Amino acid sequence: MKVEGVIDSLNFSSSDLEVMFRDNDYSIEVVKSVGIFEPNRWVEAFKKPLSRNIIEAKILHTLTGLELPIKRFSTAKDKQTLEFAGLHGYNEKSQLLYELLQSIKSQVKNETITRLDVAIDFKGKIPNRVIKKLCKSRTPFKWINSTYLKTDSEKKKNYHTNILLYPKHKKVDLSYEIERLEFSFGGAYFRGKYTIVELEKLYGKMEKTIKRFTGLEVVIKPL
């Protein structure tokens, strides 16, 4: 039986990112730059601290009230990365994020994809057979309400493929139970080869990876 996967997060990088957001529909707040450091604002906006490899951090504000992170990493100083996180979150914010992404797609079509998160949601529990298959190649590590599936060699960071499980209904306060299996494909997975316009070329590649780890026949819904 085939199950549906959805793109929950999309990151892309560009050398001229801020140029796209210079009209009156947007404003940009500087959190970390030369002479500026306001780490508490980042935590307030995104519920997590700035990592050490972020050398410049800004917040993109929209008229609809969205706040999106813009980051410049020490490993790619000539690029800024914009993050669309929570595209499938069962709330109004997700719909607003989706609409914003669709409205700028033609402008960012040639920008490089640096991360994609594919979510597979199960009403009730994730099947035991899926968890058993995952545990054949990775070791589970529980942190608060989430379970991370780690390779024996990795530590905190995996720039290729991260896998985690968590109760989605607790994060968004749903009245029914949903458990999420999430595959986070990072920069090492894409190797800088794919742009936004080539997104659909990646679906088959990611579906095969998910099947190898889980045994699931996943069909990713086009974004």
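Structure first, text after, so check above.
Keep in mind that what you see is a predicted model, and the values were worked out from it rather than measured.

K.L.:
I'd like a rundown of the packing of aromatic side chains, residues and numbers included.
P.N.:
Using the criterion set out here, one finds seven aromatic pairs in the structure. On the basis of an interplanar angle of 65° and a centroid distance of 4.7 Å, the ring pair of Trp42 and Phe46 is categorised as edge-to-face. Taken together, the positions of Trp42 and Phe46, both in helix H1 (residues 39-46) and four residues apart, correspond to about one turn of that helix. The exposure class of Trp42 is buried, given its relative accessible area of 3%. Aromatic side chains Tyr189 and Phe190 sit 5.3 Å apart centroid to centroid with 90° between the ring planes, which places their arrangement in the edge-to-face category. Here the aromatic cluster, defined as three or more aromatic residues joined through ring pairs, consists of Phe183, Phe185, Tyr189, Phe190 and Phe213. Sitting above the plane of the Tyr166 ring, Lys171 keeps its charged end 4.3 Å from the centroid.

K.L.:
Describe in detail the nonpolar core, supporting the description with residues and values.
P.N.:
Note that soluble globular proteins tend to have their nonpolar side chains buried in a common cluster. If you look at the biggest cluster of nonpolar residues, it comprises 48 residues, and the most contacted ones within it are Phe84, Leu181 and Met206. Among the elements that take part in this core, helix H6 (residues 199-214) stands out by supplying six residues, more than any other.

K.L.:
Requested: an account of the environment of Lys105, with residues and values cited.
P.N.:
Residue placement: Lys105 occurs in helix H2 (residues 92-108). According to the relative accessible area criterion, Lys105 is partly exposed, its value standing at 23%. Each residue touching Lys105, except ones within four places of it in the same chain, is listed here: Ile196 and Leu223.

K.L.:
Requested: an account of unusual backbone geometry, with residues and values cited.
P.N.:
Here the phi dihedral of Lys47 falls at roughly 60°; this positive angle occurs in a residue that is not glycine. In this structure, Lys47 sits in the loop between H1 and strand E4 (54-62). The backbone phi angle of Tyr90 is positive, close to 60°, even though this residue is not glycine. On the secondary structure map, Tyr90 appears in the loop between strand E6 (80-85) and H2. Overall, Tyr90 belongs to the partly exposed group, its relative accessible area being 33%.

What counts, and at which threshold
Residues numbered from 1 in each chain as written. Predicted model: local features only at pLDDT ≥ 70, side-chain atom pairs only at ≥ 80, totals over all residues. Heavy atoms only, no water. Phe/Tyr/Trp six-rings, centres within 6.5 Å; stacked < 30°, edge-to-face > 60°. Helix = DSSP H or I, 4+ residues; strand = E, 2+ residues; numbered from the N terminus. Buried < 20%, exposed > 50% of the residue type's maximum accessible area, 1.4 Å probe, protein only. Lys NZ or Arg CZ within 6 Å of the ring centre and 35° of its normal. Core = buried A, V, L, I, M, F, W, Y, C linked by side-chain atoms within 4.5 Å. Contact = heavy atoms within 4.5 Å.

Fair warning: the whole summary comes from geometry, so function is off the table for now.
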